Amino acid sequence: MVGFILKRLVQSVFVMLAVAFLAFSLFRFVGDPISQMTGVETSLEDQARLREDLGLNDPYFVQFARFTGDMLRGDFGYSFRTREPIGEMLLSRLPATLELGVVALLVSLVVGIPAGVYTALRPRGILSQTILVGTLIGVSIPTFVIGILLIFLFGVQLGWLPTFGRGGTVEIGWWRSSLFTAEGWRSLVLPALTLGLFQLTLTMRLVRAQMMEVMRTDHIRFAIARGVPWRSIRYRHALSNTMIPVITIIGLQFGGVIAFSIVTESVFQWPGMGLLFLESIRFVDIPVMSVYLVVIAFFFVLINLLVDLLYVAIDPRLRVRESV
Amino acid sequence: MLKVDGLSVLFRHRHGATTAVEDVSLDVARGEIHGLVGESGAGKSTIGAAVMGLLPAAGEITSGALTLGDTDLRALSAVEAHRLRGKRISMIFQDPQTSLNPLMTVEAQLVETLLAHEDISVDEARARAIALLDEIGIADAATRIRAWPHQFSGGMRQRVVIALALCTNPELIIADEPTTALDVAVQAQVLDLIRRLATKRGVGFILITHDIGVIAQVSDRVTVLRGGRVVEQGPTARVLGQPGQPYTKALMAAVPPLDRRLDRFRLPRVEGEREVPGSADAAREAEDWLMAGTGTGPGPALEMSDVTVRFRGERRGIFGARENFTALDTVSLSVRPGTVMGLVGESGSGKSTLAKVVAALVRPAEGEMRLDGAVLPPMGARRRSDPSRRIVQMVFQDPYSSLNSRHRVIDILGEPLWLYGLERDAGRRARLARAMLALVGLDATAAERHPHQFSGGQRQRIAVARALLSRPGLLLCDEPTSALDVSIQAQILNLLKDLQARFGLTTLFISHDLAVVRQMSEDIAVLKDGRLVETGPSETFFAGPAAQYSRDLLAQTPAVRFGMEAG
Amino acid sequence: MPERGRLARLMRSEGVWLFSRSPAAILAAIVTVLIVAGALMAPWIAPTNPYDLASFSLFDGLLPPAWEEGGDPRFLLGTDDQGRDMLSAILYGARLSLSIAAMAMAVALVLGVGLGLAAGYLGGRFDAVVMRIADVQLALPAILTALLIDGISRGLLPRDLHDDLRIAVITLAIALSLWVNFARTARASVFVERQKDYVQAAIMMGQHPLRIMARHILPNIVGPLLVIATVDLASAILLEATLSFLGVGLPADSPSLGTLIRIGMQYLLSGEWWILWMPTVFLVVLVVAINLLGDFLRDLFNPSLR
């Protein structure tokens, strides 16, 4: 078990380093930082001096080390476009994205898992078939269309919910949250639903497939043959065996949530990191792009590591070695 | 106690329906072990499932009565039927590895089963569970009960499975191939346990198996099934010792005896079964071609000296040493030219690994191999163009995965001819392939078909044909009949015997079944945990083995001891 | 004679039988074929060419669909603000979307399967390297990769060149986010097949590794790959649409379905619903059809799940 954890840790560090290298290459080689930062008026000598001061003439390896070191210390450089420190920019937008993502993920799990279990246990019922058709359509509709649909329905036609922005935020220290006011929640609903709906259908289909497969295994047959009560067979034996592989996928899903938040934030003009990234693409603001890359990868790797640890904690086969 | 009367079961599928079981009647008394024996597809598992009410969705009972004591099993509602399971009838399956929930401790599973059927406290349930494990033969039950299923070995796991089936004191336990996945020694213990339970606790058993030796060893009465119908029924000694029906006679004639070596299995013709002769001319053509290549001399001598194979294992802890697994430990053996050496051992003994070393599929850490005195390069050193690639050929255990189902038979057979440059003309290759099919007893029309259109036995014949088409000198047979039904096995063994007599190939015949090995080999070698325990002439071995392990192995092999008359 | 035999076998094969019994699959196939055919033949069957600036005029702008009041039978599905015929725009747009998705998927397939096969068969160092690269790729969700590629190309290439190469950039971006799926499936399948005796027999006999991979392993892993291909095709279409919607995909003068939706969104609050909803419905129907086919294929190759 310790070996397994160590292996995963090493793997994670490797991935982070690789991503950092990608980000660094991006930063260093795509476009010329000097020409981005200065105007046409700056003399060639000044440019050369700037180049020297910023250490752009040092060997690449040294620059990369410096880049990584800076990142680890929290110094993310400055945006080409706004000249603000990127760290602060991201931090100010982090709560928006994180709250959106977490709520969306919760929605997808709270609805998706029970729905998946239900459709697996009662595959031929009317409700199951309807749900299945619904998920097929759900998987086929791009996130932005869902967003537009929801805006149209609830925002335009019914006028119940606000369609853009993040109204009603409360500041707790540096964290600007929208979870503490009714208005905040009302503006959170549509974006969270948009983001969560896609994940929900994925979760549901996954849980269903796993559960159906588990119900066919030998140990379930044996439990039935022993007369174990159906309730226990379904919700203790089958469900627990289903959840183990599902948990890993949920970790991957978080990555999807982060990715699709870009789209959702765009549709709803939600002031999160995704919107920032989008703008940085449009304006070719390289530093922001590369930092975003690293931050996202970090979250992703962290979540996956946690999920793997969780895996080890739940599955006795990984925890306890075969002794007999 | 259990009475099955005129049971018929139908399976619906897209082409219509198949009758899996037709008009089967049997009964099991208290404390009786009733064997249900038959080849694959005979319907034995279906009967077990039908009694339990565990038929898959496509199956339905079309007629017949199922009575347990006074209870009409077919008249029960779903809820009542489920309550009956475990309480009065229980069932155990073949693979102990997958029969237990990996996420629950043994204790949890036992206690849950007990509490499902009886109104007792958790502590009481736990106490009973421990007592039961003790009775079943699991040492240190009070501590072991807290363990997880994966912490038990195969035999122990099956005992836990039996304990789970037994804990609610059912009247009847249906055991579906309970020892097929176990080693001979463990199998003996489990069968012993079943016998004890039947006698002491009065539990009735339906023992479903394809292994006649098991039936002979432990069952009181037996029902022989074929194609869903009962062929013969009665006390085991009578049915197996003096079978009345032609099918049963043929079946018994196909069982390899442990106590002597047959020249050939005398398989009487049973109606509905024909051994396709194939054209005799074509067969002769193949034979001539083979003889032309190998000459009239016997195959090469195989010498293995101090062959050692190690597999890399997991690291223990962060700084612990890697636990490597030694599959073969300084094994030395020689196979005389043109003879068959039988290699026996239990699972994990390394016999397959040995064959793979010779075939250059596994790399030995140490040791040397020689073919007729010349060095046989091991994996990594053996080039693709090395002549030994052609001379050493192998027949694998699983007929269902040893042939690429995407290729036609004629392409599969043409492969060695093309690869080794034995026949450059495509037309002649096809002709030779068809001739070889005739030699192994298959019709020439088989050439255009695909492997999945053939049965297991036919596929093994194709595999043998493929091996022969490279003009081999050394043939490695890795459990070639273990996946086949008894009667088909006898046919294939006959084929191999005939080929051996005609062409004198040096053969290494690997099997876990001592009786089969006795029929095939002139010399024998016994492996245990990667070490060579004993080696020597076969008949001397079977008359009285030298090593204790070999003696135990021989004693534990279930044998049909009714003195069969050769049909 | 062999031809007839093979065709007859195909007709009787399990796949065709199941297909004919499944109304959903038949419907999905019909829809897909119609859309794909319509898209491919757009230059011939569309009423107008929306790229030809001379073919439309502002006077025809913002006309509702033909069946509504004020509609013009010349423009079946209405026109946008520039006077372009919606039907033509949709057909051409679908053509673009499909071409890009198909090309991207082809690239991803060749790259992914090639790498996956090699990694699975050769194992060792090569396998480790490929898997590490895949790990890194997986840490970056598809949209992120696609956006990044676009951003990088934007930074590397001068403006005009970037615009000209738009299609190539997007195709590359999508392909790079999809290859990992193919690679991992191919690799996993290779692991499974490699253990099978027929491969061991081929290795033992001394056949060349390339030959073994091509003749023995590849045909046997077509099933799972086909399923992934269908799913990924749908993903590719959605990805392209998303990119265009976000404004980093195809521009307004050669719009794909995603771009059309983006343009249409401006009219969400005003009354010109058709500019938004026509392309949207079209896109969704196409992807649903493909996903249905994908589901059907998955059931076909996994008979145990039926």
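The structure this text deals with has already been given above.
First, a word on what this report is: a plain description of the structure on this page. (Residues numbered from 1 in each chain as written. Chains lettered and ligands numbered in written order. Predicted model: local features only at pLDDT ≥ 70, side-chain atom pairs only at ≥ 80, totals over all residues. Heavy atoms only, no water.)

**Re the pattern of salt bridges**
Residue and element names in this part refer to chain B. Threshold: A carboxyl oxygen of Asp or Glu within 4 Å of a side-chain nitrogen of Lys or Arg is what we treat as a salt bridge. In DSSP terms, a helix is any run of H or I states spanning at least four residues, a strand is any run of E spanning at least two, and both are numbered starting from the N terminus. Under the scheme applied here, a residue whose accessible area is under 20% of the maximum for its type counts as buried, over 50% as exposed, and between as partly exposed, the area being computed with a 1.4 Å probe on protein chains only.
Per the stated rule, a full pass over the model turns up 33 salt bridges over all chains. The salt bridge involving Arg-128 is made with Glu-118; its shortest N-O contact spans 2.7 Å. Placement of the pair is Arg-128 in helix H5 (residues 122–136) and Glu-118 in the loop between helix H4 (106–117) and H5, with a sequence separation of ten residues. Of the residues examined, Arg-128 reaches a relative accessible area of 28% and is grouped as partly exposed. For Lys-528, the salt bridge goes to Asp-529, with nearest N and O atoms at 3.5 Å. On the accessibility criterion, Asp-529 (54% relative accessible area) is exposed.

**A few points about the interface of chain A and chain C**
By a frequent convention, interface size equals the accessible area lost on bringing the separate parts together. Formally: Note on contacts: a residue pair qualifies if any of its non-hydrogen atoms lie within 4.5 Å across the two residues. Buried area counts how much accessible surface, traced with a 1.4 Å probe, disappears from two parts once they are put together, with both parts' losses summed. As used in this structure description, the phrase polar contact means that two N or O atoms lie within 3.5 Å; if the pair is within protein, one of them must be able to donate a hydrogen and the other to accept it, and residues adjacent in sequence are counted only when both atoms belong to side chains.
Of the residues lining the interface, 43 residues belong to chain A; the matching set on chain C comes to 39 residues. For the pair chain A and chain C, the two sides together bury roughly 3700 Å², of which 82% comes from carbon and sulfur. The tally of links from chain A across to chain C stands at one salt bridge. For the interface between chain A and chain C, the tally reads four residue pairs in polar contact (both at pLDDT 80 or more). In terms of residues, the side of chain A that touches chain C owes the most to one element, helix H1 (residues 2–29) of chain A, which gives eight residues.

**Let's talk about the interface of chain A and chain B**
With 29 residues of chain A at the contact, the number on the chain B side is 35 residues. Both faces combined, the contact of chain A with chain B buries some 2800 Å², and carbon together with sulfur accounts for 61% of it. Its salt-bridge partner being Glu-112 of chain B, residue Arg-236 of chain A comes within 3.8 Å of it at the nearest N-O pair. Counting every contact that joins chain A to chain B gives ten residue pairs in polar contact (both at pLDDT 80 or more). Within the residue set of the side of chain A that touches chain B, elements represented by two or more residues are H1, helix H9 (218–225), helix H10 (230–268) and helix H13 (316–319) of chain A. A per-element tally of the side of chain A that touches chain B places H10 of chain A first, with eight residues.

**Notes on the sheet that holds strand S4 (residues 59–68) of chain B**
Residues and elements named next belong to chain B. Here is the rule: Note: two strands are recorded as paired if DSSP finds a minimum of 2 bridges between them. All axes here are fitted lines through C-alpha atoms, helices being fitted over the stretch that makes contact, and every angle between N-to-C directions spans 0 to 180 degrees.
Here four strands make up an open sheet; going across it, the order is S2-S1-S4-S5 and the pairing antiparallel. The two strands at the open ends of the sheet, each matched to only one other strand, are strand S2 (16–28) and strand S5 (71–72). By the bridge criterion, two bridges tie S4 to S5 in an arrangement that is antiparallel. Of the residues in S5, the one forming a bridge with Leu-68 is Thr-71. Of the strands in this sheet, strand S1 (2–13), S2 and S4 touch helix H1 (residues 44–52), which is tilted by about 105° from S1.

**Comments concerning the pairing of strand S20 (residues 531–537) of chain B**
One ladder, built from six bridges, connects strand S19 (residues 523–528) of chain B with S20 of chain B; its direction is antiparallel. Residue pairing across strands places Leu-527 of chain B opposite Leu-532 of chain B, the latter belonging to S20 of chain B.

**With respect to helix H6 (residues 124–139) of chain C**
Threshold: The span expected for a helix works out to 1.5 Å for each residue beyond the first.
Here H6 of chain C contains 16 residues, and its C-alpha end-to-end distance of 23 Å stays within 8% of the 22 Å for a straight helix at 1.5 Å per residue. All of the buried residues in H6 of chain C are Asp-127, Val-130, Met-131, Ala-134, Asp-135, Val-136, Gln-137 and Ala-139 of chain C. Lining the buried residues of H6 of chain C we find H1 and helix H12 (286–314) of chain A together with helix H5 (86–122), helix H7 (142–156) and helix H9 (166–195) of chain C.

**Quick word on the environment of Arg-84 of chain C**
All names here are of chain C. Inspection of the secondary structure puts Arg-84 in the loop between helix H4 (42–45) and H5. Given a relative accessible area of 13%, Arg-84 falls into the buried group. Taking the C-alpha atoms as reference points, Arg-84 and Val-107, separated by 23 residues in sequence, lie 33 Å from one another. The contact partners of Arg-84, leaving out residues within four places of it in the chain, are Pro-50, Phe-56, Gly-78, Thr-79 and Ala-252.

**Brief notes about H9 of chain C**
As a reminder of what qualifies: Bend at a given residue is defined as the angle between two axes, one fitted to the seven residues that end at that position and one fitted to the seven that begin there.
End to end, H9 of chain C covers 45 Å across 30 residues, agreeing with the expected 44 Å (1.5 Å per residue, within 8%). Roughly 35° is the biggest bend found in H9 of chain C, and it falls at Leu-178 of chain C.

**Some details on the packing of aromatic side chains**
Note the threshold: For this analysis, a ring pair means two rings from Phe, Tyr or Trp (six-membered ring only for Trp) whose centres lie within 6.5 Å, classed as stacked if their planes differ by under 30 degrees, edge-to-face if by over 60, and tilted for the remaining angles. Whether a charge lies above a ring is judged from NZ of Lys or CZ of Arg, which has to be within 6 Å of the ring centre and within 35 degrees of the ring normal.
Applying the stated criterion across every chain, the model contains eight aromatic pairs over all chains. Taken together, a centroid distance of 5.3 Å and an interplanar angle of 65° make the contact between Phe-152 of chain A and Trp-277 of chain C edge-to-face. Within this pair, whereas Phe-152 of chain A is found in helix H7 (residues 143–157), its partner Trp-277 of chain C is found in helix H14 (residues 273–301), the two belonging to separate chains. Its relative accessible area of 15% is what places Trp-277 of chain C among the buried residues. Ring geometry for Phe-277 of chain A versus Tyr-292 of chain A: centroids 4.2 Å apart, planes at 15°, classification stacked. One end of the pair, Phe-277 of chain A, is in helix H11 (residues 273–282); the other, Tyr-292 of chain A, is in helix H12, and 15 residues separate them in sequence. The pair Phe-277 of chain A / Tyr-292 of chain A is uniform in exposure class, with both members buried. A cation over a ring is seen here: Arg-226 of chain A above Phe-222 of chain A, with NZ or CZ 4.7 Å from the ring centre. The side chain of Arg-471 of chain B reaches across the aromatic face of Trp-289 of chain B, ending 4.1 Å from its centre.

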